[in-house]
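Structural features, examined
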Amino acid sequence: MLEEASVLLWASLLVLAAVYKSVISVQPPWTTVFRGERVNLTCSGFHFYTQEKLQGYRWFSGKARPRETPGNTLEVRDSGQYRCQAPGSLPSNPVHLIFSSANLILQAPSDVFEEDSVVLRCQAKANIVLNNMTLYKNGKILKILNKTSDFHIHQASMKDNGEYYCSGVKDTHSVSSNKIQIVVQELFPSPVLRASSTQPTEGHTVTLTCESQLSLQRPEGQLQFRFVKPSTTSEWRISPEFQFSPIRRENSGSYWCEARRLNSLVQKRSQELQIQVQEFVFEGLELVLICSVSGVPRPTTVSWYKKQHRLWKDRELQTSSKTEFKVPVVQNSDAGEYYCIARNGRFSIKSNSVIISVKVPVSQPVLTPRPPGTWTLVREMGLQCEVQRGSLPIRYQFFHEDVLLKEIKSNSERKVFHRLSPTEKPFGNYYCTADNGLGPQRSAAVSKFFSPSVPVSKPVLTFSSPGTRTFVGDKMSLQCEVQRGSLPIWFQFYREGVLLKKREAVSWITASYSFFLIAEHSGNYYCTADNGFGPQRSETMSLSVTVPVSQPVLTLSPPGTQTLVGNEVRLQCEVQRGSSPIWYQFFHEDVLLTMIEATSWRTKSYSFSVTAEHSGNYYCTADNGFGPQSSETINLSVIVPVSRPVLTLRAPRAQAVVGDLVQLHCEAQRGSPPILYQFYHEDVTLGSSSSPSGGGASFNLVLKTEHSGNYFCEANNGQGVQRSYTMSLSVKVPVSHPVLTLRTPRVQAVVGDILEIHCETQRGSPPIQYQFYRENVALGSCSSLSGGGTSFNLSLTTEHSGNYSCEADNGLGVQRSEAVSLNVKVPVSRPVLTLRTARAQVVVGDVLELRCEAQRGSPPILYWFYHNNVTLETSTSHSGQGVSLNLSLTAAHSGTYSCEADNGLGPQHSEAVTLSVMGLTGSKSSLIATSVTGGLLSMMAIAAVALLFHCWLLRRAGGKPTFDSSRNPSAPDPQESTYHNVPGWIELQPVYSNAASEPEPFKNTDSCVIYSQVKGASTAASKPQFLDPLTPHR
């Protein structure tokens, strides 16, 4: 036990010595300065490490020879890596200084710790003026430095880790500084909670220790600790220990501790530690376990279990309705962890575990002299006391002639060794006792006497395998041999001063120790031999165990398989075992990124700022000369925010037309899939489409007139929405078949009337060009700039009769109307009445031809003949020529004759012609003629009276009066004419004619008038009438 205690003490001193390094500080506190400036280094030590005594301070710089200074400061002017070593301390960590000739540098302190107030200085060289100074972190703008060159981090934390640099503008050129990696160091590591025992026996003392310490580079201040159980928390204290004295069963549970620096906000917590207090019983006694059940409806059954820590399933001990479990006679095998489960058919409740520790009384100890045999001329002698069974800890006592020599307590073994001092007499009766609290047991007495003996010579240590380089897994045998020495001999094997094995040789002067090599077996070995005259030590032998690298593990930091463009990503490659040096290689899609040598650590990392091209598979290899080992592949998906999308309108022709299928294509040039595209028309959503593998997406529209307007699209892949520029679309409507309308001031078109030819299409995008045709000959064209129809005016002549049509065209195809016929009528002129007879003076019995003819007028023409304004006859001329009426004259046919012509456009009356019918002449005397003349006059008077009476009778009967004012050419009304044919014969007379003058025809005054203007110019007197009542109009 004493030997073990000394080994543990040596190991703890080694750990303390490893951490007490010198500390190097820099003034001014920058690691980057301009060339020509000076930096002072200060070295501080702790005066602990005493293996090598230094008279002064030692300084290291690269491969240069170390130099010493009496003081702890050194002024430097050259770039390089500097370390120092103070007396009594180990060498410091390196500080890398840069003396730069650049125009712009970024200055930062060499070490940054939590809660530090840090200044980053963006410094331009003297006489250099830079504008727009900007500080960057991990490639992103952190701060625009307008009026100052300093950036302050008031309380540094892990979130401030990253790569920093700054830039400025000189004239029109951008200038960038050096890059500095800021790594914020911990003031103290997260504490580790340890317990003197995690499964203590009830009644013993248990100490909890919260292990953490301040950084040696920032030792100022003091740590405080507190211990936490979910139900209770201790007060903050300076001591890192908490003690249960004694510990009770209710102290079982989960514990953790917390540490903080005094007057600081930095506070850290340990991992949880489970403590399970054991109850102990004595071997041979009865053990009763009670399962207390409450709150569960009965009937219940109770099952008892004992945990089998190395098996999948715990062992069931008993199931019954009893709440007690009994072990009548406790044995050592009954120790363990017990629990119960109560069930009632619906519920199942498990109890807490109880750890039972069985106390076994010690057996009778056996006392053995060491070395065995008789003792003569020995310098050192020893006694070993051992028991075969008994619960630890055990207290041993050594006696000589009933006098107590030594008392030793063993917590781990059932035997102890007591080395007799030279003052103790090597003869007499010796015995020992052993006690673990259940009563002491005494060994049999041993008596000793003198006999001659030879001390051992210096041992020789040899390795079983040749050479000094071996491999993990090889079997190694250490053999320790002496040339002389009395038996028995105790051989001990050591590695780096730590005891590996102790062998007793009773028949040979050699001993060996074998083991299979692992990486930790590298080091210095020696052995000792002792037969009671004092140990002899061999020469030291070095053993180097070469360990092939294990399969490396590649990890990403920050963790996860997705990251954004611009983020900083670190690849870390690590092996669990492998001898140094190790070469690490990092690959992206089988392309080598970098190769790094690790001489002291089994891990290396590679950092880079992510771009879109960094997506893909990564792996690393590790090789220390035994062949490379490859890690598993890690896939990194770099998420690229979408760029501004581009909207494209794809139509089958240059001008979009109603009915066309138009494709709206939206595409972002960059962006990680999937990308959701949204399409809009005048800020109204049309639809959306997802592109799962990148690229663009399309949306189809069958065009309508309402689809004219502004279009845009949006792209989104979860990293922000981007909108395209607006695209305008004008949807044109092809013209429909136009409708031609002929508008005249009356039902029948007449020469001289103004004819409005109106052409209009019901649909079609303006402007629309209209073309007017007569018998397929173009008359003229008009344009409608805002839609609707247009008109074309004509002053009608006889040549304007025929078929009319129009065409409409807005650039998307010509459409033609149906043909509309127009018949232009010529009103009749004043007719000429001609009386034709065989002689100049007509007499009774002559045949009179009355001929009525209008010089112009559209047929058919209806002619009326009048005698003294009484209708004689009517006749129709279908060819437009005049007509005749023959009369056989009587005396009654004397009078006034006229005629009337009408072709439906208004009657025209001829001039009146007077006819005088004479009586018979030749063989009569003048007397008789006179008498006859008188008689005739009398008869004519009577005839006139009769005629007047006859006219009166006709008026009474509804006949036409002898004079009708409606026959006046100024007020014709052919609809009210009454036709009479009064035959009569009178003598033929010479032809009388009266030709009325023709009115001047209308001139052709073609014009193009928009329909709304024509409508506005109409008057009631010339209200247009439609030839075709079926022709649509508006």
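What counts as what
- Residues numbered from 1 in each chain as written.
- Predicted model: local features only at pLDDT ≥ 70, side-chain atom pairs only at ≥ 80, totals over all residues.
- Heavy atoms only, no water.
- Salt bridge = Lys/Arg side-chain N within 4 Å of Asp/Glu carboxyl O.
- Buried < 20%, exposed > 50% of the residue type's maximum accessible area, 1.4 Å probe, protein only.
- 1 Å grid on protein atoms, 1.4 Å probe; cavity = no way out; pocket = protein on both sides within 12 Å on 5 of 7 lines; lining within 4 Å.
- Points joined across faces, edges and corners; volume = space filled by probe spheres on them.
- Helix = DSSP H or I, 4+ residues; strand = E, 2+ residues; numbered from the N terminus.
- Nonpolar A, V, L, I, M, F, W, Y, C, P; charged D, E, K, R; others polar.
- Disulfide = S-S within 2.5 Å.
- Pairing = 2+ DSSP bridges.
- Contact = heavy atoms within 4.5 Å.

With the rule as written, the count across this model stands at 27 salt bridges. Residue glutamate 853 is joined to arginine 851 by a salt bridge in which the shortest nitrogen-to-oxygen separation is 3.7 Å. Glutamate 853 sits in the partly exposed class, given a relative accessible area of 24%. One connected set of salt bridges, linked through shared partners, spans Arg38, Glu75 and Arg77.

Moving on to the layout of surface pockets. Roughly 1700 Å³ of volume is contained in the largest pocket. For the lining of the largest pocket, the secondary structure elements donating two or more residues are α1 (2-19), β1 (23-27), β8 (95-100), β15 (162-170), β17 (180-182), β54 (568-574) and β57 (603-609). Looking at the lining of the largest pocket element by element, the count peaks at 4 residues for β54. A breakdown of the residues in the lining of the largest pocket according to their chemical character gives 16 nonpolar, 25 polar and 7 charged.

Per the stated rule, a full pass over the model turns up 10 disulfides. Across the disulfide, cysteine 385 is cross-linked to cysteine 432 (sulfur-sulfur distance 2.0 Å). In this structure the cystine formed by cysteine 385 and cysteine 432 twists about its S-S bond by roughly 75°; its chirality is therefore right-handed. Taken together, the residues span a long stretch of sequence, with cysteine 385 in strand β36 (residues 381-386) and cysteine 432 in strand β40 (residues 428-435) at a distance of 47 residues. Taken as a pair, cysteine 385 and cysteine 432 share a single burial class, namely buried.

Another aspect to go through is the pairing of strand β63 (residues 675-681). Within β63, 6 of the 7 residues are buried, leaving the element largely enclosed by the surrounding structure. Note that β63 and strand β64 (residues 684-691) share 7 bridges and pair antiparallel. What sits directly across from phenylalanine 679, in β64, is glycine 687. Here β63 folds back onto β64, and the loop between the two strands holds 2 residues, one of which, glutamate 682, carries a positive phi near 55°. Pairing of β63 with strand β66 (residues 709-716) involves 6 bridges; the strand directions are antiparallel.

Relative to the helices and strands, threonine 433 is located in strand β40. Aside from chain neighbours lying at most four places away, what touches threonine 433 is Pro365, Cys385, Arg395, Tyr396, Gln397, Phe399, Gln441 and Arg442.

With omega at -5°, the peptide bond leading from glutamine 27 into proline 28 counts as cis. Within the element layout of this structure, proline 28 appears in the loop between β1 and β2 (32-34). Geometrically, the link from leucine 487 to proline 488 is a cis peptide bond, its omega value of -5° lying close to zero. Following the sequence through the fold, proline 488 ends up in the loop between β45 (475-481) and β46 (489-495). One non-glycine residue, aspartate 402, lies in the positive phi region at around 65°. Taking the relative accessible area as the measure of exposure, aspartate 402 reaches 54% and is therefore exposed. Phi at glutamate 589 takes a positive value of approximately 50°, unusual for a residue other than glycine. Assignment of secondary structure puts glutamate 589 in the loop between β55 (582-588) and β56 (591-598).

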